[in-house]
Structures are given as structure tokens and as C-alpha cells.
Amino acid sequence: MMKTSIKDLIQIDTSITTPVYKQIVQSIYRNIDNGVLVKDDKLPSVNKISAAFSLARGSVFSAYNDLRSSGIIDSIPGKGYFVSSTDTKQNKRIFLLFSTFTSYKETIFNSLRNSLPATCTMDIYFHHHSMKMFENLITEQAGYYNTFIIMPEVNDGTLAILSRLDSRQTFLLDVGFKEYRKTYPGVYQNFEKDIYSILDSSQHLISRYKRLFLVFPEGLRSKDIITGFTKFSKKTSITTSMVNQINPATIQKGDAFIVIDDNHLVDIINVARGKSWQLGKDIGIISYNETSLKSVIADGITTISTDFAAMGEAMADMVLNGKRDIIENPFILVNRHSF
């Protein structure tokens, strides 16, 4: 028989966007997952919960009806409500918020979806790097879900917006390692460490070139890439520089480029073709973010990339098993003919 007090069993936070009845539902799920509640345990009555938190009885009834329709609890006339099932994984309703949709984010999405049981539901939204949209989506939509996977916008106002969600069910994805890892669990890229480690371990390849350029587009938010590149630049013997765009007139034999935007990748390939230069010999290219297309164009483009499929798998495991980990996702070099 369950002997936990009502306020230990159920947590209500009026400062977050999740409706009260959903917080009751989520509290029951959480305590089942944690082993506090087991099958056949009796739950507090509607009246007792209402009195303990000064809630309208209708809110408690709504919560219990939701739990009963999901098969988690049942009622016996004259005796009250009891836990009838501890299979809570089928009730994950996931709010997935991405910045934009790109080919590599599609890989994350597919990996995440394929790693979750079919009984989970997941809806995807996009904030397009707009703080107003980021805030509006979380405020307006989050109340319909009990689990939150967020690709955050790195901004001074982000933590205040995220605080409206249930922190126990909020997980961050991809960005924000430096800024948010002390507050939220998640699967992150460590952009500074990743590029530095890859370049440092690839000096035998880099040394074949005279100059190394990081092509970092204006407006790109992953500034830690610059920090890692600058750190590497201080220990390498070849000339390094950062540019925002490709200027074909300044490209020379012996130059190597790290490109983040695929448009810049195309620009450099076109310059090499126009001068009959061989990629990986006369000029070098490393492209960010592995895609299947890069394995075939121009006889294969060398890439540096986080393992996006692993990112989705790790996030699914974290959500399903209630883990509160800080995971730095694997970052790898796929060496092909272009470098």
C-alpha cells in the first residue's frame, strides 16, 4: 500500500504553462516510473487532492479521467482510485521543437522517431531562430504534451522561456552545451572541442596544404566553432584564416577550406573545376555535416560531422528511461578524396 503524502506524490507548479490537471497526470506517471507507485496502490481521493492544493475538483476529475482513459488507473465504486497498469511509456506525448528543417535534422528526426515505441506520439515544430516564435510555440502548444525535446535558440531570454516547462520532462538537443548544460539534460554538440580535436588529430593531412580557411557564414550562430578553430590556429605551422564567403579570385593552389554552408562547398568545387585542379591534391575541402550526397559528389567530399543518428538514439533512450544525462555526441571525420 502506498504511504507517500499527497504533496510528495503530486507536484503542482503554477508558474509553468502546463495545465494543473496535466501536472497531476504527469506526477502519477513520474511516480510510477520511479517505483513510488506500483500496481494496485490506492490513490488520494479527488476531495483530498483538491483540498491539499486549493484546486477546483473539476481539475482533479479531469486528471483522473485522463489517467483512466489511458488505462493507468481504474476506480472501484465506494473504494476510490487504484493504479491498474504501470506501462506508462505508451503515454509519452512529445513536443519536438527544432530551429529549421535541414537534411541533417531530418536524420535526427528519423532516428528519434525510429527509436521510440510506436505508442509514443511526437509532433514537430520550428522556431526559425525567432525568439518570438520560440516563446509563442512553447507558451501556446506545450500544454498539450508531457515531454519536451527542444533545440534551443541561444539567447539571453531562453532560460526564462524554458522555465515555463516542467524541467523534469525537458531535454535539450544539439545546441546550447556551454550555455544550458548545467540546467538541462540533453544530447549536445560541443562545437569548440569537436573542431579542435578533429583538426589536431588530422595535422598529417592538413600539413599538405599551405593555407587553411574556415568559411564561417555571417549570421551563423555556432560561434564556438570559431573559438575551436582559433585555438588550433595557434599551434599549427600553416597559415590559417577565417572568411565569411568565397572569393574565387583569391583562391590559390595549396589552399584548404573548412566549409559549413553547402553553397560555399559548391562555389569551391566550381572554382577547382574551372582551373582543372584536383580536389585533395591541388586544393582541399572539408565540409561540415555528413549527408549521403557528399559521399558521391566530386568523387567524395571529406566531412566532419556529429553522428546525427546516434544523437536521435541517445535522446530517445534518455526520454524513455527518465535519464538526466549530459551527453556530448560523437564527432567524426569521414575522409574522402577531397582532402
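Everything numeric in this text was worked out from a predicted model, so none of it was measured. (Residues numbered from 1 in each chain as written. Predicted model: local features only at pLDDT ≥ 70, side-chain atom pairs only at ≥ 80, totals over all residues. Heavy atoms only, no water.)

## A closer look at the pattern of salt bridges
For side chains of opposite charge, pairing can occur when their charged atoms come near one another.
No. 1: One pass over the structure, following the stated rule, counts 14 salt bridges.
No. 2: Asp 282 is paired through a salt bridge with Lys 253; the nearest N and O atoms lie 3.9 Å apart. Of the two residues, Asp 282 sits in the loop between helix 12 (262–274) and strand 11 (284–288) while Lys 253 sits in the loop between strand 9 (239–243) and strand 10 (255–259), which places them 29 residues apart along the sequence.
No. 3: What makes Lys 253 partly exposed here is its relative accessible area of 48%. (Salt bridge = Lys/Arg side-chain N within 4 Å of Asp/Glu carboxyl O. Helix = DSSP H or I, 4+ residues; strand = E, 2+ residues; numbered from the N terminus. Buried < 20%, exposed > 50% of the residue type's maximum accessible area, 1.4 Å probe, protein only.)

## Thoughts on helix 12
No. 1: The terminal C-alpha atoms of helix 12, which comprises 13 residues, lie 18 Å apart, in line with the 18 Å expected from a rise of 1.5 Å per residue.
No. 2: Buried within helix 12 we find His 264, Leu 265, Ile 268, Ile 269, Val 271 and Ala 272. One face of helix 12 carries all of its buried residues, which in axial projection span an arc of 160°. Residues of helix 12 that are exposed and point more than 90 degrees away from the buried face comprise Asn 263, Arg 273 and Gly 274.
No. 3: Considering only its buried residues, helix 12 is in contact with strand 8 (211–215), strand 10 and strand 11.
No. 4: Where helix 12 terminates, the next one or two residues include Ser 276, which has phi positive at roughly 60°. (Expected span 1.5 Å × (residues − 1). Arc of directions from axis to C-beta. Contact = heavy atoms within 4.5 Å.)

## Remarks on the packing of helix 2 (residues 20–33) against helix 4 (residues 57–69)
No. 1: Taken N-terminus to C-terminus, the directions of helix 2 and helix 4 make an angle of 45°; their axes are 8 Å apart at the nearest point. Classified by the angle between their axes, helix 2 and helix 4 sit oblique to one another. Once helix 2 is placed against helix 4, the crossing between them reads as right-handed. Between helix 2 and helix 4, the residues in contact are Tyr 21, Ile 24, Val 25, Ile 28 and Tyr 29 and Ser 59, Val 60, Ser 62, Ala 63, Asp 66 and Leu 67, respectively.
No. 2: Split into classes, the residues belonging to the contact of helix 2 with helix 4 amount to eight nonpolar, two polar and one charged. (Axes fitted to C-alpha atoms, helices over the stretch in contact; angles between N-to-C directions. Parallel < 35°, antiparallel > 145°, perpendicular 65-115°, else oblique. Left-handed = near helix turned anticlockwise from the far one by under 90°. Nonpolar A, V, L, I, M, F, W, Y, C, P; charged D, E, K, R; others polar.)

## Observations concerning the side chain of Thr 303
No. 1: With respect to the helices and strands, Thr 303 occurs in strand 12 (residues 302–306).
No. 2: With a relative accessible area of 0%, Thr 303 lands in the buried category.
No. 3: Within the structure, Thr 303 has its side chain in polar contact with the side chain of Glu 290 (distance 2.6 Å).
No. 4: What Thr 303 contacts, discounting residues up to four positions off in sequence, is Ile 286, Ser 287, Glu 290, Lys 294, Ile 332, Leu 333, Val 334 and Arg 336. (Polar contact = N/O pair within 3.5 Å; in protein donor to acceptor, adjacent residues only side chain to side chain.)

## Comments concerning the nonpolar core
Nonpolar side chains in soluble globular proteins tend to be buried together.
No. 1: If you look at the biggest cluster of nonpolar residues, it comprises 47 residues, and the most contacted ones within it are Leu 173 and Ile 258.
No. 2: At eight residues, the largest contribution of residues to this core is made by helix 13 (residues 308–321).
No. 3: With residues up to four places along the chain from it excluded, the contact list for Leu 173 reads Phe 98, Ile 108, Ile 149, Ile 150, Met 151, Pro 152, Val 187, Met 311 and Met 315.
No. 4: Grouped together as the second largest cluster of nonpolar side chains are 22 residues, Ile 49, Leu 55, Tyr 64 and Ile 73 included. (Core = buried A, V, L, I, M, F, W, Y, C linked by side-chain atoms within 4.5 Å.)

## Observations regarding the sheet that holds strand 3 (residues 93–98)
No. 1: Sheet architecture is open: six strands sit in the order 4-3-5-6-7-13, paired in parallel fashion. Taken across any chain shown, the strands that pair with only one partner, and hence form the sheet edges, are strand 4 (121–126) and strand 13 (326–328). Put simply, the sheet's adjacent strands are angled 20° from each other on average, direction ignored.
No. 2: Sheet topology note: the strand 7 (residues 186–188)/strand 13 ladder contains three bridges and is parallel. From the neighbouring strand, Tyr 188 faces strand 13, where its bridge partner is Glu 328. (Pairing = 2+ DSSP bridges.)

## As for the pairing of strand 10
Two faces belong to every sheet, and in a regular strand the side chains alternate between them.
No. 1: Summarising burial for strand 10: five of the five residues are buried, a large majority.
No. 2: Taking every second residue as pointing to the same face, both faces of strand 10 are buried, with Asp 255, Phe 257 and Val 259 on one and Ala 256 and Ile 258 on the other.
No. 3: Pairing of strand 8 with strand 10 involves five bridges; the strand directions are parallel. Its bridge partner being in strand 10, Leu 212 is matched across the sheet by Ala 256.

## Description of the environment of Ile 32
No. 1: For Ile 32, the location among the structural elements is in helix 2.
No. 2: For Ile 32, a relative accessible area of 6% puts it in the buried group.
No. 3: Separated by 295 residues in sequence, Ile 32 and Ile 327 have C-alpha atoms that sit 26 Å apart.
No. 4: Residues contacting Ile 32, with those up to four places away along its chain left out, are Leu 37, Ile 72, Val 83, Ser 85, Thr 86 and Thr 88.

## Regarding the side chain of Ser 50
No. 1: Mapping Ser 50 onto the fold places it in helix 3 (residues 46–53).
No. 2: A distance of 2.4 Å separates a polar side-chain atom of Ser 50 from the backbone oxygen of Leu 55.
No. 3: When sequence neighbours within four positions are dropped, the list of residues in contact with Ser 50 reads Leu 55, Ala 56, Arg 57 and Val 60.

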